[in-house]
Amino acid sequence: MSENSRKVSAETVLTHAGRNPEDQFGFVNTPVYRGSTVLFKTLADIEAQSQPFLYGRAGNPTTETVESVVNELEGAYRTKLVPSGLAAITIALMSCVRAGNDILISDSAYEPGRKFADGYLERMGVSVRYYDPRIGEGLADLINVNTKAVLAESPGSLTFEVQDIPALARAAHAGGARLIVDNSWATPLYHQPLALGADIVVHAATKMFVGHSDVMAGTISSTQEAWPDVDRVRTLLGFFTSGDDAFLVARGLRTLAIRMREHQQRAIEIANWLEQQDEVSAVLHPALPSHPDHALWKRDFTGSGSLFGVVLKPAPRDAVAAFVDHLELFSMGYSWGGYESLCLPVMIKKARTVRPWADEGNLFRLHIGLEGVDDLKADLAAALQRYSAAR
Ligand SMILES: *Cc1c(COP(=O)(O)O)cnc(C)c1O
C-alpha cells in the first residue's frame, strides 16, 4: 500500500497478505515448498548471496507467507516462524542476555518458559527472578543494572491477570532492558504490544493461528532495534519450520478473524452464564466487569480470546474428577485454540512463586470452541451438578 493510502483492516491483511498468485501459476495459495538445497547458477551468484533463498533452514516461500501476515498484523519490523511457541520464548530470552545478566519473568507466565529460564539460562550464568504480574510501574524497583529482559504474558493463560504493558515497557527501557510479550491469548487482532512499547512479541501459533489442533508452530516478531539479536540467535540455533507445517499455519490464519469473533462471543456468553451458577466462586475473564483488571483490558485490548478460568467452590479431589471425567463435549488436554472445546483442571499452587495463589477453590481452564453454545452449557451444567453432589 502506498503511504498516503488508507490503512486496510486486519481482515483484509489476513486474506491478502503474504501470497502472490502470479508467482504460483495463478494458484491462490503459496504451495508447500519442501527443500534443503537451493541452487546457484554461477560463482558470482554464490558469492553475492543475494538470492531470496539460500538454504532450506533459513526458510522458504511457504514459511515467508506466514511471516508476512503476522508481521503486518503485529506492526513489527520482521517476523520469523519457529517450530513452537516455546521456541519463540526461548529465542526471545536468549536474544537479550549473556552470562552475568539478569531477567524478570511474570509469575503468571507459561510454565515451560519458566522451566527454560530456571533449568537452562541459570546454568549459563543468567539470574532469573519472577515478578507480580500486576506490578505495573513498580517493576522499576526490581530492575538492576544487569537486567536485560522482562517477560510478560497478558493475560496469563492460567490465571488471566492483565498486565500493564506501557508501564512495564517504560520501566524496562529506563533500566536498559527489553520487554518481551507473549500475545497468544488476544492475537494481534485484539492486542498489539509493539505499539504499546514492547520490543519483542511471541506467539504460540499452535493455538489460535493454526486453529485446528493439528500443527505445532510459533512466531517471533520485533522492532528494528531488537531484530538483529533475535535473528542471530534463531539462525545460530538452527531452528527450522517445514513448508508442510507453514502451509497449515497460513491456512489457519486466513480465517483467524472470523474464528476469533465466534470464540470471543461464545466464551463471553458462557463466562457470564457460569458467573450465575451456585458452585462457581469466580470467573477469570478480563472482558467481564467483575474481573479485577477489566479497566486495563478495556484500555489496551479491542477484544478477548477463547480462553478463561473458572474457580469452583472448595471441594475434594473426587469432586474435581466428577466434574471432568464425564464431560461429553469438553475434552481434557493441554494446548487450546482449536475448533473443539477443552477443559483443564489447573494445579495452580505449584506454578507460582512470587504471588502465591490464595484461592482455596478448584481452578479449571476452559477453551470455548465452535460447538453450539447451548450444548456446551448443558455439558457444563451436568458437570456442575456432579461436582455439587460430590462436594
Ligand atoms: C501453548 C503456549 C505456549 C507454547 O506454545 P507451544 O507451541 O505449545 O510450544 C506459549 N505461550 C502460551 C500462552 C501458550 O498457551
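This one's a predicted model, so the numbers in the text were calculated from it and none came from an experiment. (Residues numbered from 1 in each chain as written. Predicted model: local features only at pLDDT ≥ 70, side-chain atom pairs only at ≥ 80, totals over all residues. Heavy atoms only, no water.)

**Regarding the pairing of strand 4 (residues 147-153)**
Just so we agree on the cut-off: Partly exposed describes any residue whose relative accessible area lies between the buried limit of under 20% and the exposed limit of over 50%, with all areas from a 1.4 Å probe on protein chains only and scaled to the type maximum. Labels follow the DSSP assignment, with helices taken as runs of H or I lasting at least four residues and strands as runs of E lasting at least two, numbered in each case from the N terminus. When DSSP locates at least two bridges between a pair of strands, those strands are taken to pair.
Burial analysis of strand 4 places six of its seven residues in the buried class, which makes it a mostly covered element. Examined bridge by bridge, strand 2 (residues 102-106) and strand 4 share four bridges and lie parallel to one another. Residue pairing for strand 4: isoleucine 105 is matched across the bridge by leucine 151. Taken together, the five bridges between strand 4 and strand 5 (residues 178-182) define a ladder with parallel strand orientation. Looking at strand 5, one finds that glutamate 153 is bridged to aspartate 182.

**As for the domain arrangement of the protein**
Using the following cut-off: For the domain bounds, the source is a domain assignment made automatically or taken from a database. Here a residue-residue contact requires only that any non-hydrogen atoms of the pair lie within 4.5 Å. Buried area adds together the accessible area that both of two parts lose upon being put together, with accessible area traced by a 1.4 Å probe. A pairing counts as a salt bridge when a side-chain nitrogen of Lys or Arg comes within 4 Å of a carboxyl oxygen of Asp or Glu.
By the assigned domains, the protein splits into domain 1 (5-254) and domain 2 (257-390). Look at where the C-alpha atoms of domain 1 and domain 2 centre, and you get two points 27 Å apart. Each partner contributes residues to the interface: domain 1 has 41 residues there, and domain 2 has 40 residues. Between domain 1 and domain 2 the total buried area reaches about 3,500 Å² when both faces are included, carbon and sulfur atoms providing 59% of it. Considering only the surface of domain 1 that becomes buried against domain 2, Trp185, Tyr190 and Met208 emerge as the three largest contributors, covering 24% of it. One can count six salt bridges joining domain 1 with domain 2.

**A short note on the side chain of aspartate 107**
What counts here: Here a polar contact is recorded for every N or O atom pair within 3.5 Å, except that within protein the pair must consist of a potential hydrogen donor and a potential acceptor, and residues adjacent in sequence are included only if both atoms are side-chain atoms.
As for its placement among the helices and strands, aspartate 107 is situated in the loop between strand 2 and helix 5 (111-121). A distance of 2.7 Å separates a polar side-chain atom of aspartate 107 from the backbone nitrogen of arginine 355. Once you skip the residues sitting within four places of it in the chain, aspartate 107 turns out to touch Arg114, Tyr130, Tyr131, Pro133, Ala351, Arg352, Thr353, Val354 and Arg355.

**Considerations on helix 8 (residues 227-237)**
For an α-helix the count is 3.6 residues per turn, leaving residues at separations of three or four pointing the same way. This is how it is decided: In this description, the arc belongs to the directions extending from the helix axis to the C-beta atoms.
For helix 8, the set of buried residues is Trp227, Val230, Val233 and Arg234. Down the axis, helix 8 shows its buried residues gathered within 140° of arc, on one side only. Glycine 238 sits one or two positions beyond helix 8 and adopts a positive phi of about 75°.

**A few points about the pattern of salt bridges**
Counted under the stated rule, the structure contains 19 salt bridges. For lysine 80, the salt bridge is made with glutamate 67, and the minimal N-O distance between the two is 4.0 Å. In this pair, lysine 80 is assigned in strand 1 (residues 78-82) and glutamate 67 in helix 3 (residues 61-74), connecting sequence segments 13 residues apart. Note that aspartate 231 is salt-bridged to arginine 234, the shortest N-O span being 3.9 Å. Placement of the pair is aspartate 231 and arginine 234 together in helix 8, with a separation of three residues, close to one helical turn. Its relative accessible area of 25% is what places aspartate 231 among the partly exposed residues.

**Here we look at the layout of surface pockets**
To keep things clear, this is the line we draw: Here the term cavity refers to a set of points on a 1 Å grid, laid over the protein atoms alone, in which a 1.4 Å probe fits but cannot get out; the term pocket refers to an open set having protein on both sides within 12 Å along at least five of seven lines, with lining residues being those that place an atom within 4 Å of a point. Grid points are joined across faces, edges and corners, and a volume is the space filled by probe spheres set on the points. Residue classes follow a fixed rule: Ala, Val, Leu, Ile, Met, Phe, Trp, Tyr, Cys and Pro count as nonpolar, while Asp, Glu, Lys and Arg count as charged, and any other residue, Gly among them, counts as polar.
Considered as a void within the structure, the largest pocket measures approximately 930 Å³ in volume. Within the residue set of the lining of the largest pocket, elements represented by two or more residues are helix 4 (85-96), helix 5, strand 6 (200-203) and strand 10 (342-346). Partitioning the lining of the largest pocket into residue classes produces 21 nonpolar, eleven polar and eleven charged. Counting only domains with at least three residues in the lining of the largest pocket, you end up with domain 1 (5-254) and domain 2 (257-390).

**Some points on the sheet that holds strand 2**
Selection rule: Orientation is described by axes fitted as lines to C-alpha atoms, over the contacting stretch for helices, and by angles from 0 to 180 degrees between their N-to-C directions.
Taken in spatial order, the seven strands make up an open sheet running 1-7-6-5-4-2-3, and their pairing is mixed. At either margin of the open sheet sits one strand with a lone partner, and together these are strand 1 and strand 3 (127-131). Mean inter-strand twist for the sheet, computed between neighbouring axes without regard to direction, equals 20°. Contacting strand 3, strand 4 and strand 5, helix 6 (residues 165-174) runs over the sheet at an angle of about 150° to strand 5. Helix 8 rests against strand 1, strand 5, strand 6 and strand 7 (218-222) of the sheet, and its axis sits at about 20° to strand 1.

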